[in-house]
Structure formats: C-alpha cells, structure tokens
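Each chain is listed here by its residues.
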Amino acid sequence: MKFDRFEDIIAWQKAKLLTIKCYKLFGESKNWGFKNQILRASVSVMNNIAEGFERKSNNEFKQFLFIAKGSCGEVRSMIILAQDLEKINQIEYTELFNLSEEISKMLSALIKTL
C-alpha cells in the first residue's frame, strides 16, 4: 500500500471527520475538562497518523499508528461517557461510536500491512 501524502490515507480522512464532529458537538461545552479531553484525543488520532507518515520510516509510522489507535480508544471511551451523562443523543452516540470503531479497525489493518 503506497501513499504519497498523509491526506490520501482514508483512516486520516475519517479521523478528520471524527474531529470535526467532536468539535461541533462539544466545542461549546461548559464542561471544560470533558471538552478538552475529547477534543485533544480526537485531534491526536489524525495528527499521529500525519506525523507518523511524515517520518518516512515504516517502524516510526507503525509506532505513531499505535498511538493514534490508543487515542481513538480514548475518544470512544469519552463518547460512551457523553451518552451516559446525556450530553449527546442516541443518534449522535451511534454515529460517533461507529466512526471511531471504524477508524480503529482501519488503523489495525494499516499496522498489520507495515
């Protein structure tokens, strides 16, 4: 699998979408701790994919993909908490949860190919 730019990586594209959705849902939240945690974790997913790719080494790229996968799990955990705290509705929960799970699976597949 060959990518010329990190922007071509579908997992990065979906991570960017996840980040945008998180910002739209939680960006105006008054709960600073919660907001800060989920927004930073979502940005971490896409940025670690980008940073790892730019290192131009498969071993380093793989290491950053593992970090991105961990951050994706963190986002998913925060999404579960958001639903339990009734900060998001069922439709928002399902959309965010499924997207984060899809990204995590894509990252696992990309790690295996490296």
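Coordinates for the structure precede this section.
Procedures and definitions
Residues numbered from 1 in each chain as written. Predicted model: local features only at pLDDT ≥ 70, side-chain atom pairs only at ≥ 80, totals over all residues. Heavy atoms only, no water. Core = buried A, V, L, I, M, F, W, Y, C linked by side-chain atoms within 4.5 Å. Buried < 20%, exposed > 50% of the residue type's maximum accessible area, 1.4 Å probe, protein only. Helix = DSSP H or I, 4+ residues; strand = E, 2+ residues; numbered from the N terminus. Contact = heavy atoms within 4.5 Å. Expected span 1.5 Å × (residues − 1). Bend = angle between axes of the 7 residues up to and from the residue. Disulfide = S-S within 2.5 Å.

Enquirer: What is the right way to read the nonpolar core from this model?
Expert: Soluble, globular proteins show a tendency: their nonpolar side chains are buried together. Formed by 35 residues in total, the largest nonpolar core has its most connected members in I9, C22, F26, I38, I49, I79 and I103. Listed by contribution, the elements that provide at least two residues to this core are α1 (10–26), α2 (32–54), α3 (58–84) and α4 (90–113). By residue number, the principal contributor to this core is α2, which donates 9 residues. Not counting the four nearest positions on each side in its chain, I49 is found in contact with I9, A11, W12, A15, F61, L65, A68 and L107.

Enquirer: How should α2 be read in this particular structure?
Expert: Because an α-helix completes one turn every 3.6 residues, residues spaced three or four positions apart along the sequence face the same direction. Compared with the 33 Å implied by 1.5 Å per residue over 23 residues, the 32 Å span of α2 between its first and last C-alpha is a close match. At V45, α2 is bent by approximately 25 degrees, the largest bend along its length. K56 sits one or two positions beyond α2 and adopts a positive phi of about 60 degrees.

Enquirer: How do you make sense of the state of the cysteines when you look at a structure like this?
Expert: Each disulfide is one covalent bond, formed between the sulfur atoms of two cysteines. For the coordinates displayed, the defined rule picks out 0 disulfides. In this structure C22 is not part of a disulfide, and its nearest cysteine sulfur, from C72, lies 9.6 Å away. Take C22: its relative accessible area is 0%, and that puts it in the buried class. Judged by relative accessible area, which is 0%, C72 ranks as buried.

Fair warning: the whole summary comes from geometry, so function is off the table for now.
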